[in-house]
Structures are given as structure tokens and as C-alpha cells.
Amino acid sequence: LLRMLELMPSFQIVIQAGEATITSCQGIVQTLLAVMYIYSVTGALLFGGVINQDPESPTYNPVKDSLFGANSYYPNNFNDIPSGMVCLLEILVVNNWFVITSGFSAASGCWLARSFFISFYVIGVPICLNCVIASIVSTFDAARQEVEAQRSMEQEGTEPTPARSLAAKEAAQE
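Residues numbered from 1 in each chain as written. Predicted model: local features only at pLDDT ≥ 70, side-chain atom pairs only at ≥ 80, totals over all residues. Heavy atoms only, no water.

S.K.: Any chance you could break down the overall build of the protein chain for me, citing the residues and the numbers?
M.R.: Scanning the protein chain for helices and strands turns up nine helices and zero strands. Start at the N end of the protein chain and walk to the C end: the helices and strands fall as α-α-α-α-α-α-α-α-α. Residues classed as buried in the protein chain amount to 32% of the 174 residues present. A separation threshold of at least 6 residues defines the contact pool for the protein chain, and within that pool the share at least 24 residues apart is 73%. Within the structure as shown, the protein chain displays about 10500 Å² of accessible surface, and the carbon and sulfur contribution to it stands at 63%. (Helix = DSSP H or I, 4+ residues; strand = E, 2+ residues; numbered from the N terminus. Buried < 20%, exposed > 50% of the residue type's maximum accessible area, 1.4 Å probe, protein only. Contact = heavy atoms within 4.5 Å. Areas by Shrake-Rupley, 256 points an atom, 1.4 Å probe, with all protein chains shown as cover.)

Here it is, written out as C-alpha cells:
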């Protein structure tokens, strides 16, 4: 099945772009993961244990009465670092971040929760995530141009020379 897909020109673009994207986005993705890890650790220190379903907890009723509790977002918490990373990923993809923020604001009862989530949103979405997406789109466009150049050379009956291949690779890296 994969061999048949490799014969399709559009799938060749996807394969080449996927390979190039992995190498070109590596640094940006590592930076994004580092930012998420720092925020997850900070969130665990600030908000660890405030989101729970224990009726004896002092934060239970405020959280239950918020949008967070009404929508049963209890698994989205900073009780441990992996849960914090998932919570931050949801904010990164702009998935009801206001609901998540409302729960932590209700639990902590202060401006710190809103500041925490807004600062992550500003750093994570417009800066880091957009860089990742821009790099992916740029890599796919370069791969598409390279495949089209190879097709036009094949139609003309010319073989790609090392200089042409090198120029195409340099264009893909830019």
C-alpha cells in the first residue's frame, strides 16, 4: 500500500515535506516543549491540589460553581506535571482556555491564575506555536516546489544536475 502511495505525486510531496519538517522544526518544538515544561512545573507549584473533587476541600465549592466545574474539566489540573502539560496543550490549541482559567481563578481566588494563563497564552500561541506552524508551511511549500521542479525536468527530458539539486535543497532550507 505504501509503495502505491509513493507513486502518487501529491503523496511524494507529503513524504518529502514530512522528512524536512522533522529536521527543520526540531529546535522550535524543543523550545515550545521547554516553555510548556517550565509553565507546568510552575503551575504544579502554584496550583497543585487546588482542583479536586473532594467536598471537604476549601476550593471544592468555588470550582464546582464555576464554568470549569459545570463542564467537568476536573482532569485539567496541575496536580502533577503530565496533567499540567495536557492542560497547557489545551490552552495552546485554544480549547476553551477561558473555562480552564475560570476554574483556577475560582480555586485560587486571586489575579495570579489569570496572569499565569494569559502569560502562557501570549508566549505559547502567538510566538511559539505560530513559529512551528510557519516552519511546517514553509517546509511543505519548499518540498512542493522541489517536486514540481523535478517533474518539469523529467518532462523536458533533462536530468537534475548536482547544482540544480543543491539549489533546490538550499531553497528548501530557507
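S.K.: With reference to specific residues and values, describe a nonpolar patch on the surface.
M.R.: A cluster of nonpolar residues, I118, V122, I123 and I127, forms a patch on the protein surface that exposes about 320 Å² of accessible area. By the secondary structure assignment, V122 is in helix α8 (residues 111–156). Look at V122 and you get partly exposed, because its relative accessible area is 44%. (Patch = residues over 30% accessible without salt bridge, like charges linked within 9 Å, V, L, I, M, F, W, Y side chains within 5 Å. Salt bridge = Lys/Arg side-chain N within 4 Å of Asp/Glu carboxyl O.)

S.K.: Lay out helix α3 (residues 26–47) with the relevant residues and their values.
M.R.: Its 22 residues place the ends of α3 30 Å apart at the C-alpha level, agreeing with the 32 Å of an ideal helix rising 1.5 Å per residue. Among all positions in α3, only L32, V35, M36, Y39, S40, G43 and F47 are buried. In an axial view of α3, the angular spread of the buried residues amounts to 140°, which keeps them on one side of the axis. Exposed side chains of α3 directed beyond 90 degrees from the buried face belong to Q30, I38 and L45. (Expected span 1.5 Å × (residues − 1). Arc of directions from axis to C-beta.)

S.K.: Now, about the packing of aromatic side chains: what can you tell me, with residues and values included?
M.R.: Scanning the entire structure with this criterion turns up 15 aromatic pairs. With a centroid separation of 5.2 Å and an interplanar angle of 55°, the aromatic rings of Y39 and F116 are classed as tilted. Of this pair, Y39 sits in helix α3 while F116 sits in helix α8, and the two are 77 residues apart along the sequence. There is no split in this pair, since Y39 and F116 are both buried. Ring centres of F116 and F117 lie 5.2 Å apart, and the angle between their planes is 85°; this geometry places the pair in the edge-to-face category. (Phe/Tyr/Trp six-rings, centres within 6.5 Å; stacked < 30°, edge-to-face > 60°.)

S.K.: Can you explain unusual backbone geometry? Please cite residues and give values.
M.R.: Peptide bonds are, in most cases, trans, and in most cases residues other than glycine have a negative phi. Of note, the phi angle at S72 is positive, near 55°, even though the residue is not glycine. Among the secondary structure elements, S72 is positioned in the loop between α5 (67–70) and α6 (81–92). Here the phi dihedral of V94 falls at roughly 55°; this positive angle occurs in a residue that is not glycine. Tracing the backbone shows V94 in the loop between α6 and α7 (97–108). Exposure remark for V94: the relative accessible area of 41% places this residue in the partly exposed category.

S.K.: Which residues make up the side chain of T59, and what are the values?
M.R.: On the secondary structure map, T59 appears in the loop between α3 and α4 (60–64). A polar atom in the side chain of T59 sits 2.7 Å from the backbone oxygen of V50. Excluding its chain neighbours within four sequence positions, the residues that come into contact with T59 are V50, N52 and A107. (Polar contact = N/O pair within 3.5 Å; in protein donor to acceptor, adjacent residues only side chain to side chain.)

S.K.: I'd like a description of α6, backed by residues and values.
M.R.: Here α6 contains 12 residues, and its C-alpha end-to-end distance of 16 Å stays within 8% of the 16 Å for a straight helix at 1.5 Å per residue. Those residues of α6 lying buried are S83, G84, C87, L88, E90, I91 and L92. Here the buried face of α6 lies against α3, α7 and α8. Looking at the residues trailing α6, positive phi occurs at V94, about 55°.

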